[in-house]
Amino acid sequence: MAELYPKKRIDIVVESTLAPDMMQMLEDQGAKGYTMISEVAGKGQRGIRNHGHVTDVFRNVLIITIVDEAMLDNILESANKLLVNYAGIVAVSDVEVMRDDHF
Amino acid sequence: MAELYPKKRIDIVVESTLAPDMMQMLEDQGAKGYTMISEVAGKGQRGIRNHGHVTDVFRNVLIITIVDEAMLDNILESANKLLVNYAGIVAVSDVEVMRDDHF
Amino acid sequence: MAELYPKKRIDIVVESTLAPDMMQMLEDQGAKGYTMISEVAGKGQRGIRNHGHVTDVFRNVLIITIVDEAMLDNILESANKLLVNYAGIVAVSDVEVMRDDHF
């Protein structure tokens, strides 16, 4: 049996202008890595955000990180502060990973 | 402790031609937002669907929405109707979110 | 009520050079389909992997597959072998799907 370790996955959708601050925050809080999907379109609290726009301002990115549960609360509170004046989604789910030392 | 609210995440993978109907359905059923990743490649029930094709017909998109559990059943039945003659994936998972009023 | 069937979702993030082997492995192990998001950027065990690089070598892809729990262990062990000299993430989570015969 492959050994699996329980972790928390955090999916963050934010305007691309906020992405650098969000990634820096994840590093500052101890997340060992993240994956970013740019050019994400969305409809949410502030209307359509389409990657076809001429301006970059309303493009969204999806940032996914997997962390120890012990880090979760600090990351969520920090994300909340960054998002206070912005649309944005932060969703937490349970995952299991194979390499404990990578997270 | 950051307060978290349990929701349902729905991941939908469909041919890009079906995406507008699927997004309209999500709005009609009360979903407050969704995120769409276009240019997704896939292999599934109907063979390779690669975004390198000249035609747009077999490109897939991934649509992610997070909703109250109370909306889940109507959305799933509506998605099923839209997909009756198509390949497509609808996967439901549990997530927790920080801002209850956004979903 | 829409009928749902419990499955395992596997998210795999790997360098794009490894993606063909990983997808072949999924097919060999019986996965009926997968979705691939290319041009994914990431920071992880081996530093920044940005899709802006001139070379393709450090681009990442995100491969998502949904399988029966019975297939999980073989897939994880095979993925682990492919990743032994590479950075890469394999994360498993619980999902429910509508069409049992597609997975």
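To start, this report covers the structure provided alongside it.

Conventions used here
Residues numbered from 1 in each chain as written. Chains lettered and ligands numbered in written order. Predicted model: local features only at pLDDT ≥ 70, side-chain atom pairs only at ≥ 80, totals over all residues. Heavy atoms only, no water. Helix = DSSP H or I, 4+ residues; strand = E, 2+ residues; numbered from the N terminus. Buried < 20%, exposed > 50% of the residue type's maximum accessible area, 1.4 Å probe, protein only. Contact = heavy atoms within 4.5 Å. Buried area = accessible area lost by both parts, 1.4 Å probe. Nonpolar A, V, L, I, M, F, W, Y, C, P; charged D, E, K, R; others polar. Pairing = 2+ DSSP bridges.

**Thoughts on the overall build of chain A**
Part 1: What chain A contains, in helices and strands, is 2 helices and 5 strands.
Part 2: Start at the N end of chain A and walk to the C end: the helices and strands fall as β-α-β-β-β-α-β.
Part 3: A total of 103 residues make up chain A; the buried ones form 54% of that total.
Part 4: Across chain A, contacts joining residues at least 24 apart in sequence account for 78% of those joining residues at least 6 apart.

**Considering the interface of chain B and chain A**
Part 1: Facing 23 residues of chain B, the contacting portion of chain A comprises 27 residues.
Part 2: Summing both sides of the interface, chain B and chain A together bury roughly 1900 Å²; the carbon and sulfur share of this comes to 54%.
Part 3: For the chain B face of the interface with chain A, the top three residues by lost area are Thr35, Met98 and Arg99 of chain B, together amounting to 27%.
Part 4: Those elements that place two or more of their residues in the side of chain B that touches chain A are strand 2 (34-44), strand 4 (60-67) and strand 5 (89-97) of chain B.
Part 5: Among the elements that make up the side of chain B that touches chain A, the one with the highest residue count is strand 2 of chain B (5 residues).
Part 6: Broken down by class, the residue content of the side of chain B that touches chain A amounts to 12 nonpolar, 4 polar and 7 charged.
Part 7: The pairing of strand 2 (residues 34-44) of chain A with strand 2 of chain B spans 3 bridges and is antiparallel.

**Thoughts on the environment of Tyr5 of chain B**
Residues and elements named next belong to chain B.
Part 1: Tracing the backbone shows Tyr5 in strand 1 (residues 5-15).
Part 2: The class for Tyr5 is partly exposed, based on a relative accessible area of 25%.
Part 3: Measuring from C-alpha to C-alpha, the distance between Tyr5 and Val84 comes to 33 Å, with 79 residues separating the pair along the chain.
Part 4: What Tyr5 contacts, discounting residues up to four positions off in sequence, is Val95, Glu96, Val97, Met98 and Asp100.

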